[in-house]
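Commentary on secondary and tertiary structure
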Amino acid sequence: MSPPEETGLEKICLFPEKLAALGRGGLDPLYPVSIELSLTSRCNLSCLWCSELALRGRSPDRLTLAHLQALFADLAAGGTRGVTIEGGGEPTLAPFFAEATRAATRLGLQVGLITNGLTLCQPQTTQSPPASFYRLFQWIRVSLDATCREEYLSLKGADGFELALANLRRLASWRGPTVGVGYVLTNRNDEPQRLWALGQTLRDLGVAYLQLRPVVDHPELTSHRSLEFLKELGTPEFAVNIAAMTDNQGAGNDGLPCRAHSLAAVITADGAMWLCGRLSQDPQAGPVGYLTQTSFRDLWAGPTRAAQAALAAQGDFCRGHCPPCRMTKYNRLLSRLERIRTRDFI
């Protein structure tokens, strides 16, 4: 038996009040379960598929530590459970990365980190936190996206593969945060024997899971490789998660109304709060508002979010505007639950 995949659909069962609120329809007043927070648009890589490049050009960093401290206090009071610190850019390059992490955990928020892993666990300097700092995170997922040094250099624009593996080894050896690896599958990093060897390497390093997901917004890089064979690498300590290869593929939210957007809120490094992470990359879409001007509570309960949620509740709107999105699987689940007739029986 392999361990839970950590990124699967079943996690919604851990939040019955939120699930019930989504099932009632209308505007969900409950705070999001978690926040996806970009601290900076700076990055030390140039991945071929990066969907943030255009956003970086038009959205300079404006969040300050004071803004974040106010945000975390608001979220903790409102019932949000977790904060995922992620891109935009590479979050560990933000000048207040460590201070922001500590501020969130002091208020009881759980913190996760999505990183390319190149600046983790480095010898301490005046700018970098000590290695023990990373135990503050409940989980850390390193975006590896390559099976070897040559692929990494070709796809991500730097010679960082061996360094990322070395830092993964250090992280996993601490037996602290849950350490996983994210892998964007393309037609340039999908060779089966290399994927199998990488899975074995990660399993031997003590990594908890390997999550593979499809490249988006770059059809020329799309891979159609079957990955079922990788599941044979699973052990009680190591999971291979390929569900995103199908769950995250459908564009247009399957023509369903989107209610699942309120499971998470997205905050970008310019201080904007967005209804949806995928639409934050659409130059024609607008944010709910800016945390540099208005509190999260006022934005969450305000008229702009209500108006955008009403649009998202129209299946035709989603069909015409929504790119492939990880929230679609939750909307499918809500739709199936809504159509059950024999509700009093298992």
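In case you missed it, the structure is sitting above this.
Below, the structure is looked at part by part. A quick note: this is a predicted structure, and the numbers were derived from the prediction, not measured. (Residues numbered from 1 in each chain as written. Predicted model: local features only at pLDDT ≥ 70, side-chain atom pairs only at ≥ 80, totals over all residues. Heavy atoms only, no water.)

**As for the overall build of the protein chain**
Summing up its helical and strand segments, the protein chain has twelve helices and ten strands in all. Per-residue burial for the protein chain yields a buried fraction of 52% across its 346 residues. Looking at the protein chain as shown, the accessible area adds up to about 16,200 Å², and 53% of this sits on carbon and sulfur atoms. Where the 35 positive side-chain charges of the protein chain centre and where its 33 negative ones centre are 3 Å apart. (Helix = DSSP H or I, 4+ residues; strand = E, 2+ residues; numbered from the N terminus. Buried < 20%, exposed > 50% of the residue type's maximum accessible area, 1.4 Å probe, protein only. Areas by Shrake-Rupley, 256 points an atom, 1.4 Å probe, with all protein chains shown as cover. Lys, Arg positive; Asp, Glu negative; His and termini not counted. Charge placed at Lys NZ, Arg CZ, Asp CG, Glu CD.)

**Examining the pairing of strand β5 (residues 178–185)**
With seven of eight residues buried, β5 is to be regarded as a mostly interior element. Relative to β5, strand β4 (residues 139–143) is paired through five bridges, and the arrangement is parallel. Looking across to β5, one finds that Ile-140 is bridged to Val-179. For the handedness criterion, the β-α-β arrangement of β5, helix α7 (residues 192–205) and strand β6 (residues 209–214) is classed as right-handed. (Pairing = 2+ DSSP bridges. Right-handed = clockwise from strand over helix to strand, strands pointing away.)

**Focus: the packing of aromatic side chains**
According to the stated counting rule, one finds ten aromatic pairs in the structure shown. With centroids separated by 5.6 Å and ring planes inclined at 90°, the aromatic side chains of Phe-133 and Phe-137 adopt a geometry described as edge-to-face. Both residues of the pair, Phe-133 and Phe-137, belong to the buried class. With a centroid separation of 5.6 Å and 15° between ring planes, the pair formed by Phe-296 and Trp-300 is classed as stacked. With a gap of four residues between them, Phe-296 and Trp-300 both fall in helix α9 (residues 296–300), about one helical turn apart. Site record: aromatic cluster; members linked through ring pairs are Phe-97, Phe-133, Tyr-134 and Phe-137. (Phe/Tyr/Trp six-rings, centres within 6.5 Å; stacked < 30°, edge-to-face > 60°.)

**Let's talk about helix α6 (residues 161–173)**
In this model, α6 (13 residues) spans 19 Å end to end at C-alpha, consistent with the 18 Å of a helix rising 1.5 Å per residue. Here α6 has its buried residues at Phe-161, Ala-164, Leu-165, Asn-167, Leu-168, Leu-171 and Ala-172. Along α6, the residues classed as buried sweep out an arc of 165° about the axis, all on the same side. Pointing more than 90 degrees away from the buried face of α6 are the exposed residues Glu-162, Arg-169 and Ser-173. Elements in contact with the buried residues of α6: β4, α5 (149–156), β5 and α7. Of the residues trailing α6, Arg-175 is marked for its positive phi of about 55°. (Expected span 1.5 Å × (residues − 1). Arc of directions from axis to C-beta. Contact = heavy atoms within 4.5 Å.)

**What to know about the sheet that holds strand β10 (residues 289–290)**
Taken together, the ten strands give an open sheet; going across it, the order is β7-β6-β5-β4-β3-β2-β1-β8-β9-β10, and neighbouring strands pair in mixed fashion. The sheet terminates laterally at β7 (239–241) and β10, the two strands that pair on one side only. Here two bridges tie strand β9 (residues 272–274) to β10, and the two strands are oriented antiparallel to one another. Residue pairing across strands places Met-273 opposite Gly-289, the latter belonging to β10. Its contacts with the sheet put α7 on β5 and β6, and the angle it makes with β5 is roughly 170°. (Axes fitted to C-alpha atoms, helices over the stretch in contact; angles between N-to-C directions.)

**Quick look at the side chain of Asp-145**
With respect to the helices and strands, the residue Asp-145 is situated in the loop between β4 and α5. What makes Asp-145 buried here is its relative accessible area of 2%. Here the side chain of Asp-145 touches Lys-156 through a polar contact of 2.7 Å, side chain to side chain. Separated by 2.8 Å, the side chain of Asp-145 and the backbone nitrogen of Val-184 make a polar contact. (Polar contact = N/O pair within 3.5 Å; in protein donor to acceptor, adjacent residues only side chain to side chain.)

**Side note on unusual backbone geometry**
Backbone phi values are negative for most residues with the exception of glycine, while trans is the configuration of most peptide bonds. Its identity as a non-glycine residue notwithstanding, Asp-145 has a phi of 65°, on the positive side. One non-glycine residue, Asn-253, lies in the positive phi region at around 55°. Summarising the element assignment, Asn-253 is placed in the loop between α8 (244–247) and β8 (264–267).

**Section: the pairing of strand β3 (residues 110–115)**
Along β3, five of the six residues are buried, which leaves the element largely enclosed by surrounding structure. Crossover connection from strand β2 (residues 82–86) via helix α4 (residues 97–106) to parallel β3: handedness right-handed. In this structure, β3 lies alongside β4, joined through four bridges in parallel fashion. Directly across from Ile-114, in β4, lies its bridge partner Arg-141.

**Description of the environment of Gln-110**
The residue Gln-110 is located in strand β3 in this model. Residue class for Gln-110 comes out partly exposed when judged on its relative accessible area of 40%. In this structure the C-alpha to C-alpha distance between Gln-110 and Ala-94, which are 16 residues apart in sequence, comes to 19 Å. Setting aside residues up to four positions removed in sequence, Gln-110 forms contacts with Arg-81, Gly-82, Val-83 and Gln-138. Polar side-chain contacts of Gln-110 include one of 3.1 Å to the side chain of Gln-138.

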